[in-house]
Amino acid sequence: MFKIQTLNSISPLGLTRLPSDKFVVSDSMTEPDAILLRSFKMHDMPIPATLRAVGRAGAGVNNIPVEALTNLGIPVFNTPGANANAVKELVIAGMLLAARHIGPAWQFAEQLTGSDAEISKAVEAGKKAYAGFELPGRTLGVVGLGAIGRIVANAGVALGMNVIGFDPGLTVEGAWQLSATVKKAGSLDDLLRAADFVTIHVPLVEATKNLINADRLSAMKNGVVLLNFAREGIVEAGAVSAAIKRGKVYGYVCDFPSNLLQHHERVIALPHLGASTGEAEDNCAVMVVDEVRDFLEQGNIRNAVNFPDVSAPRETAHRLVVANANVPNMLGQISETLGLAKLNIHDMLNRSRGDYAYTLVDLDDPVPPDIVRKVAAISGVLMARVV
Ligand SMILES: NC(=O)c1ccc[n+]([C@@H]2O[C@H](COP(=O)([O-])OP(=O)(O)OC[C@H]3O[C@@H](n4cnc5c(N)ncnc54)[C@H](O)[C@@H]3O)[C@@H](O)[C@H]2O)c1
């Protein structure tokens, strides 16, 4: 039986994928094999000696002590892209909210008083203040063509927009998923100069902090609509506020309210709703449970933030998995230890990523516990286990 501890509530749609004859799941578990969580701050809790895997139902892992876990050979799984559709839908809503002045128009209609005839009269007199514009033919600039940016770009195409994207790290796999009509911008500034709507979908890292600042805003078209459903620190709120005041920016739609942006006529700040749908929660739970289960039962790694993807069907009934530092002669030492124990390696798969590597070894015979301990004792091996 594998013991799974949940530190936050995880959607039942995910948990039902752990059959009760093989897994016991509880929020008050001791000695867990795996921990599942969402936003629980793991930094302050001791890492259980039995722990093999951590699964975060979501993308960010700031709440998890990734480095300490990596040094113990414990993969931290997450769910990239599982909430992408939820964010995409809110971005589309954001474009329409800005283009059609839906917020102020709704407020105007809400505060009308009098008889129905008087309200109708006031509607006809007042509605011209909320006239908007349509999306087809406008240019949508998508900064960051990852899981979210790609489907936002494709949705823009479906809405009849000209779409231009910028992502220096675009993968071949990512490019395949993009509509063929999405144009590639040569630089961020090229994109900013061309777009009527600019939507940001990059992670917040040192290089993207204040990516959209006063200079970048000046480079944009007059009357641009800026959307930020990525992270607050990527867009300098003060610079946006100033750009709105001087009429450069037509509207700013974001997921991050702040004092500076509150009560600003041209700002729509939503309360971090990007991934807040039942479907996104279910998708994350299903994905993370499948990843953790596959790792516990088969040793396969998919979507760990600290180890490479290493996944293969079993060639034999006996599999040894090893997490190790990415230094010379690790495979040689592992093979030698198994060879000296007269264990024949049927198949072996090794991948490295940065300072770490992970190896699956399928063997013709069972690996005795003392040999697993010998492999685990090799300098640079972080974890060795039979699955
Ligand atoms: N509002 C919300 O609730 C919500 C929900 C989910 C994700 N997010 C945010 O959205 C971001 C994007 O999510 P994702 O799932 O698409 O991530 P992702 O990792 O799939 O894609 C990010 C992309 O940004 C690109 N990139 C990095 N730096 C860049 C730069 N300087 N210029 C252009 N492209 C750059 C990367 O190459 C990558 O392709 C996340 O990092 C997260 O912060 C917000």
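No experiment lies behind these values; they were computed from the predicted model shown.

**Structural notes on the site of the ligand**
Neighbouring the ligand are 22 residues, the closest being Ala-147, Ile-148, Asp-167, Phe-229 and Asp-255. In the environment of the ligand, an oxygen atom lies 2.9 Å from a nitrogen or oxygen atom belonging to the backbone of Ala-147. With respect to the ligand, the side chain of Arg-231 contributes an N or O atom lying 3.5 Å from an oxygen atom. Starting from 860 Å² of accessible surface for the ligand in isolation, the protein chains cover 78%. Classifying every residue of the shell around the ligand gives 11 nonpolar, 8 polar and 3 charged.

**Quick word on unusual backbone geometry**
Located in the positive-phi region is His-263, a residue other than glycine, with phi close to 60 degrees. Within the element layout of this structure, His-263 appears in the loop between strand E11 (249-254) and strand E12 (267-269). One non-glycine residue, Asn-329, lies in positive phi territory at about 65 degrees. Structurally, Asn-329 is set in the loop between strand E13 (318-325) and helix H12 (330-340).

**Some words on the nonpolar core**
Residues Val-198, Ile-200, Leu-217, Leu-226 and Tyr-252 are the most contacted members of the largest nonpolar core, which totals 30 residues. Contributing elements (two or more residues each) for this core: strand E7 (162-166), helix H8 (188-194), strand E9 (197-200), strand E10 (224-228), helix H10 (237-245) and E11. If you tally residues by element for this core, the top one is H10, at 4 residues. Residues contacting Leu-226, with those up to four places away along its chain left out, are Val-198, Ile-200, Ile-212, Leu-217, Met-220, Val-235, Val-240, Gly-251, Tyr-252 and Val-253. By size, the runner-up hydrophobic cluster in this structure holds 28 residues, among which are Val-288, Val-292, Phe-295 and Met-383.

**A word on the sheet that holds strand E6 (residues 139-143)**
Spatially, E8-E7-E6-E9-E10-E11-E12 is the arrangement adopted by the 7 strands of the open sheet, whose pairing is parallel. Each edge of the open sheet is held by one strand with a lone partner, namely strand E8 (183-184) and E12. Strand contacts of helix H3 (residues 84-99): E6, E9, E10, E11 and E12, with the helix running at about 145 degrees to E10, the strand carrying the most contacts. Across the sheet, H10 touches E10, E11 and E12, and the angle it forms with E11 is around 145 degrees.

**A look at the layout of surface pockets**
Quantified by volume, the second largest pocket comes out at close to 500 Å³. Around the second largest pocket sit 23 residues that line it, and Pro-104, Glu-265, Arg-266, Val-267 and Ile-268 are the ones nearest its centre. Residues of the lining of the second largest pocket, tallied by class, amount to 14 nonpolar, 7 polar and 2 charged.

**Quick notes on the pairing of strand E1 (residues 2-6)**
Examined bridge by bridge, E1 and strand E2 (residues 23-26) share 4 bridges and lie parallel to one another. Paired with Phe-2 across the strands is Phe-23, a residue of E2. Note that E1 and strand E3 (residues 34-37) share 3 bridges and pair parallel. Each bridged residue has a counterpart across the sheet, and for Thr-6 the counterpart in E3 is Leu-36.

**Points about helix H11 (residues 278-298)**
Its 21 residues place the ends of H11 30 Å apart at the C-alpha level, agreeing with the 30 Å of an ideal helix rising 1.5 Å per residue. Ala-280, Cys-284, Ala-285, Val-286, Val-288, Val-289, Glu-291, Val-292, Asp-294, Phe-295, Leu-296 and Glu-297 are the residues of H11 that are buried. Where H11 terminates, the next one or two residues include Gly-299, which has phi positive at roughly 80 degrees.

**Looking at the packing of aromatic side chains**
According to the stated counting rule, one finds 8 aromatic pairs in the structure shown. With a centroid separation of 5.9 Å and 45 degrees between ring planes, the pair formed by Phe-133 and Phe-197 is classed as tilted. With Phe-133 in the loop between helix H5 (116-126) and E6 and Phe-197 in strand E9, this pair connects stretches of sequence that are 64 residues apart. Ring pairing ties together the aromatic residues Phe-77, Phe-295, Phe-307, Tyr-356 and Tyr-358, which thus form one cluster. Here the guanidinium or amino end of Arg-266 rests over the ring plane of Tyr-250, the centre of that ring lying 4.4 Å away. Note that Arg-385 overlies the ring of Phe-295, its terminal NZ or CZ placed 4.8 Å from the centroid.

What counts and what doesn't
- Once a new chain begins, its residue numbering starts again from 1 and follows that chain's sequence as written.
- Where totals are concerned, whole chains, interfaces and linings use all residues; where local detail is concerned, this predicted model gives features only for residues with pLDDT of at least 70, and gives and counts side-chain atom pairs only at 80 or more.
- For the side-chain quantities, the full set of heavy atoms in the structure was used; hydrogens and water were omitted.
- Distances are taken per atom, and a residue is near a molecule or strand as soon as one of its heavy atoms is within 4 Å of it.
- N or O atoms closer than or at 3.5 Å make up a polar contact, with two conditions inside protein: a donor-capable atom paired with an acceptor-capable one, and, for residues adjacent in sequence, both atoms drawn from side chains.
- For the area figures, the Shrake-Rupley method with a 1.4 Å probe applies, and any residue is considered shielded solely by the protein chains shown.
- Under the scheme applied, nonpolar residues are Ala, Val, Leu, Ile, Met, Phe, Trp, Tyr, Cys and Pro; charged residues are Asp, Glu, Lys and Arg; polar residues are all the others, including Gly.
- Going along the chain from the N terminus, every DSSP run of H or I of four or more residues is numbered as a helix, and every run of E of two or more is numbered as a strand.
- By convention a nonpolar core is built from buried Ala, Val, Leu, Ile, Met, Phe, Trp, Tyr and Cys residues, the set being connected through side-chain atoms within 4.5 Å.
- Accessible area is worked out with a 1.4 Å probe on protein chains only. A residue is then buried under 20% of its type maximum, exposed over 50%, and partly exposed in between.
- Note on definitions: a residue-residue contact is assigned when non-hydrogen atoms from the two residues lie within 4.5 Å.
- Paired strands, in this sense, are two strands between which DSSP finds at least two bridges.
- Axis angles are defined between N-to-C directions and span 0 to 180 degrees, where every axis is a line fitted to C-alpha atoms and, for a helix, only to the segment in contact.
- For cavity detection a 1 Å grid was placed over the protein atoms alone, and a set of points counts as a cavity when a 1.4 Å probe fits there but cannot get out; an open set counts as a pocket when protein lies on both sides within 12 Å along at least five of seven lines, with lining residues being those that have an atom within 4 Å of a point.
- Grid points are joined across faces, edges and corners, and a volume is the space filled by probe spheres set on the points.
- Residue count minus one, scaled by 1.5 Å, sets the expected span of a helix.
- Aromatic pairs are defined between Phe, Tyr and Trp rings, using the six-membered ring for Trp, whenever the two ring centres lie within 6.5 Å; interplanar angles under 30 degrees are classed as stacked, those over 60 as edge-to-face, and all others as tilted.
- Geometrically, a lysine NZ or arginine CZ counts as sitting over a ring once it is within 6 Å of the ring centre and also within 35 degrees of the ring normal.

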